[in-house]
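Next come the chains, spelled out residue by residue.
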Amino acid sequence: MSERAAPFHCPYCGDEDLQPSEEGHGAWECRSCSRAFRLKFLGLLAPGATGLSPSASDGGTP
């Protein structure tokens, strides 16, 4: 079994000064910008899935 994955950069300021938060699993704190955030694994995408709706991917109106 492997260790849990850790983020490399803050999603807000891009700094690397991150610490696990006491808020629980997946919660992190950035010491540079004083923001807290949570990461959550949602699952694997199906092969060929882009995450875009068909109208968004073909340039059409939503």
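The preceding data block contains the structure.
Definitions and cut-offs
- Residues numbered from 1 in each chain as written.
- Predicted model: local features only at pLDDT ≥ 70, side-chain atom pairs only at ≥ 80, totals over all residues.
- Heavy atoms only, no water.
- Core = buried A, V, L, I, M, F, W, Y, C linked by side-chain atoms within 4.5 Å.
- Buried < 20%, exposed > 50% of the residue type's maximum accessible area, 1.4 Å probe, protein only.
- Contact = heavy atoms within 4.5 Å.
- Helix = DSSP H or I, 4+ residues; strand = E, 2+ residues; numbered from the N terminus.
- Phe/Tyr/Trp six-rings, centres within 6.5 Å; stacked < 30°, edge-to-face > 60°.

Cys10, Leu18, Trp28, Cys30 and Phe37 form the largest nonpolar core, which has five residues in total. What Cys10 contacts, discounting residues up to four positions off in sequence, is Asp15, Leu18, Cys30, Cys33 and Phe37.

The next thing to look at is unusual backbone geometry. The phi dihedral of Ser34 falls on the positive side, at around 60°, and the residue is not glycine. Mapped onto the secondary structure, Ser34 falls in the loop between strand E2 (27-30) and strand E3 (36-38). Residue classification places Ser34 among the exposed positions, given a relative accessible area of 67%.

With that out of the way, let us pick up the environment of Leu39. Considering the arrangement of structural elements, one finds Leu39 in the loop between E3 and helix H1 (54-57). Of the residues examined, Leu39 reaches a relative accessible area of 39% and is grouped as partly exposed. Spatially, the C-alpha atom of Leu39 lies 4.9 Å from that of Gly26, the residues being 13 residues apart in sequence. In contact with Leu39, other than residues within four places in its own chain, are Pro7, Gly26 and Trp28.

Our focus in this paragraph is the packing of aromatic side chains. Across all of its chains, the model carries one aromatic pair by this definition. An angle of 65° between the planes, with centres 6.3 Å apart, marks the rings of Tyr12 and Phe37 as edge-to-face. Taken together, the residues span a long stretch of sequence, with Tyr12 in the segment before strand E1 (18-20) and Phe37 in strand E3 at a distance of 25 residues. Under the relative-accessibility criterion, Phe37 is labelled buried at 9%.

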